[in-house]
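# Remarks on the overall topology
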Amino acid sequence: MNDTRALLNRMSEFRKRLEAMPRLIPVATAPAPAAPEGPPKAEPASRTQAILEQSLSRLPNGGAAFDNPPALINRARRLLIDAQGLVERLRALADEPLLAGPTGPADTVDPLAIHYRETATLTEAAVRYALTFPDAADEQRRLCEGLEGIVDAARRRYARLAAILEQRRTEVSRLDALARFLTTLNEGDGPIDPGPVAELAADLLADEPGKPLRFAVAEPTATRAFLGGSEYPAPAWFVAAHGLNCAKVMARLVRNDPQWRHRAAEMMLAALLHDVGMLRVDPAVLARAEPLNADQRSAVEAHTRVGSELVAARLPTMAGLAEAAASHHERLDGSGYPAGLKGEQVSPAIRLLAVVDAYARLCAPRSHRPPLDPRTALTDTLLMAERGKLDRYAAETLLTLGFYPVGTVVELDDGSTGVVLAPRHTPPLAARPPVAVLVLAGGRPLPAPAYFDLAQRDGPAVVRSLGYPDRLRRLGRAYPEWV
């Protein structure tokens, strides 16, 4: 099954659920009389209402139970209208490609799709409940308390759904902007306008300081980031994901650092574009799980020269970016490539970029390994500095991220699951950051997060961060925004 067919099938499932709801107003030549408190019923007008009319035959007993629906008091009618509004908004979201889920295995379940279906079902429950109200106005007033709770819950779930989708749109639009720019940079001749990537760099740098650090993921062979999304030749999405991850890390290091904040824009551009030469590497080589042979390794290492030439030719006003593309794999002990530079031959900017590149690469999955726990990635990067390969001062700036960056979903040693709210910079307290506990030991989700500063109390500490499968299993239903 191709991507387009999978996308259409998923959207069709969403529409069927909405279209299976009961009607709000009966098909009749004259409206039923209103209860004493309610105005006359209006004739069907909206597209959603017409769809609900047509679905009457799908109800039990052919919909006979609702042939003469009750005349509703004002309060019940308002709640029913609210439910109808939610149906209309949910129906609009059924055509949202991002809700159909990312590309990947066919059995991958997007928790947001589950949240969508549950919200649609809850809205349907509100409609069905209202249509079973007795005729007596006093009884309707009493039952409206329950109806109001159901509609309010559906409204809050929809607001949450819309907020998560907006976050996805922002992330995907950034990834798409970088993939598009890298593809343009790699194809054609002559200078190009650096405006789009400069705008992206400024946008990332302006992100609020406490925003969660979440790493983008794309397969080397992927031509789309999600079903129905923009298509670029592989490995553009893979290279863009790494560039975006590097830029996210770089923003957190240079934003307030006295040494770098006056060069923050330059360092952000270097993080975004330094790996552009990878677009000339065969995606099949990047997707290999086995060790590369000599020819394949040579092809991969050539990306530094190719990237430098591309930037120099097509972004002639940004000479520093050519150095970033050429030298980000140099190592202070001379073991790097392409030139085997040593010590002071490697500029401070390249030293910092090399640290960011190494850390971001370890935090994301590769064909031969899963993503490393951020604490392990930080430790491995610091060890590279300890062995003289990376700059020690530049590597230690990663400590500002903490063992577990903001937004990392973690397991505590009492078995509960939480999300890190702020990092601890000093090693004795780094495993005890402020957290919001979302799920208790045993898997019971809390109705609302419980906030704890682990350093200020005796009790649990962080054991590990959780990868996507664990996040999906523990948080997918109750807290899809953290999956």
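Residues numbered from 1 in each chain as written. Predicted model: local features only at pLDDT ≥ 70, side-chain atom pairs only at ≥ 80, totals over all residues. Heavy atoms only, no water.

## With respect to the overall build of the protein chain
Stated precisely, the cut-off is as follows: Elements are defined by DSSP. Helices are runs of H or I of four residues or more, strands are runs of E of two residues or more, and each kind is numbered from the N terminus. Here's how the labels work: a residue is buried when its accessible area is under 20% of the maximum for its type, exposed when over 50%, partly exposed in between, all with a 1.4 Å probe on protein chains only. In what follows, a contact means two residues having at least one pair of non-hydrogen atoms within 4.5 Å. For accessible areas, the Shrake-Rupley method is used with a probe of radius 1.4 Å. Any residue's cover is judged against the shown protein chains and nothing else.
A count of helices and strands for the protein chain gives 17 helices and five strands. In the protein chain, buried positions account for 50% of the 483 residues. Partitioning the contacts of the protein chain with sequence separation of at least 6, the portion at a separation of at least 24 is 69%. Just so you have it, the protein chain exposes about 22000 Å², and 54% of that area is on carbon and sulfur atoms.

## As for the confidence of the model for the protein chain
How we decide: The predictor's confidence in any single residue is recorded as pLDDT, a number from 0 to 100.
Per-chain confidence: the protein chain averages 85 in pLDDT, with 83% of residues scoring 70 or above. Taken as a whole, residues 23-67 scores under 50 in pLDDT and shows 77 contacts with residues more than four places along the chain or in a different chain.

## Some points on helix 8 (residues 264-273)
Among the 10 residues in helix 8, eight count as buried, and that is most of the element. Considered for burial, the residues of helix 8 that qualify are Ala264, Met267, Met268, Leu269, Ala270, Ala271, Leu272 and Leu273. Where helix 8 is buried, its residues contact helix 5 (137-186), helix 6 (195-205), helix 7 (236-254), helix 12 (319-327) and helix 13 (348-363).

## Thoughts on helix 6
Selection rule: Directions from the helix axis toward the C-beta atoms define the arc.
Along helix 6, the residues that are buried comprise Val197, Leu200, Ala201 and Leu204. The buried residues of helix 6 occupy an angular sector of 100° when the element is viewed end-on, so they sit on one face. Summarising the contacts, the buried residues of helix 6 are in contact with helix 5, helix 7 and helix 8.

## Description of the pattern of salt bridges
The following threshold applies: Salt bridges are counted wherever a side-chain nitrogen of Lys or Arg sits within 4 Å of a carboxyl oxygen of Asp or Glu.
In the structure shown here, the tally under the stated rule is 31 salt bridges. Between Arg464 and Glu411 there is a salt bridge, with its nearest N and O atoms 2.9 Å apart. Taken together, the residues span a long stretch of sequence, with Arg464 in strand 5 (residues 462-465) and Glu411 in strand 1 (residues 409-412) at a distance of 53 residues. The exposure class assigned to Arg464 is partly exposed, which follows from its relative accessible area of 31%. You can call Glu411 buried: its relative accessible area is 16%. A salt bridge links Arg473 to Asp470; its shortest N-O distance comes to 3.0 Å. Of this pair, Arg473 and Asp470 both sit in helix 17 (residues 468-475), three residues apart, roughly one helical turn.

## What to know about the packing of helix 13 against helix 14 (residues 374-386)
Which entries qualify depends on this criterion: Fitted lines through C-alpha atoms serve as axes, helices being fitted only where they are in contact, and the angles separating the N-to-C directions of these axes extend from 0 to 180 degrees. Less than a right angle of anticlockwise turn of the near helix away from the far helix marks a crossing as left-handed, whereas a clockwise turn marks it as right-handed. Side-chain classes are defined by residue name, with Ala, Val, Leu, Ile, Met, Phe, Trp, Tyr, Cys and Pro counting as nonpolar, Asp, Glu, Lys and Arg as charged, and the others, Gly among them, as polar.
Where helix 13 meets helix 14, the axes come as close as 9 Å, and the angle between the chain directions of the two elements is 145°. Every pair of crossing elements has a handedness; the one defined by helix 13 and helix 14 is right-handed. Residues Val355, Ala358, Tyr359, Leu362 and Cys363 of helix 13 lie in contact with helix 14, whose contacting residues are Pro374, Ala377, Leu378, Asp380 and Thr381. For the contact of helix 13 with helix 14, a count of residues per class yields eight nonpolar, one polar and one charged.

## Section: the sheet that holds strand 2 (residues 417-420)
Test applied: For two strands to count as paired, DSSP must find a minimum of two bridges between them.
Ordered in space as 4-3-2-1-5, the five strands form an open sheet in which the pairing is antiparallel. The sheet is open, and its two borders are formed by strand 4 (445-453) and strand 5, each paired with just one other strand. Pairs of neighbouring strands in the sheet enclose a mean axial angle of 35°, with direction left out of account. Note: strand 1 against strand 5, three bridges, orientation antiparallel. In the sheet register, Val410 faces strand 5, and the bridge partner there is Ser465.

## Points about the pairing of strand 1
Neither face of strand 1 is open: one carries Val409 and Glu411, the other Val410 and Leu412, and all of them are buried. Of the pairings in the sheet, the one linking strand 1 to strand 2 comprises three bridges and is antiparallel in character. Looking at strand 2, one finds that Val410 is bridged to Gly418.

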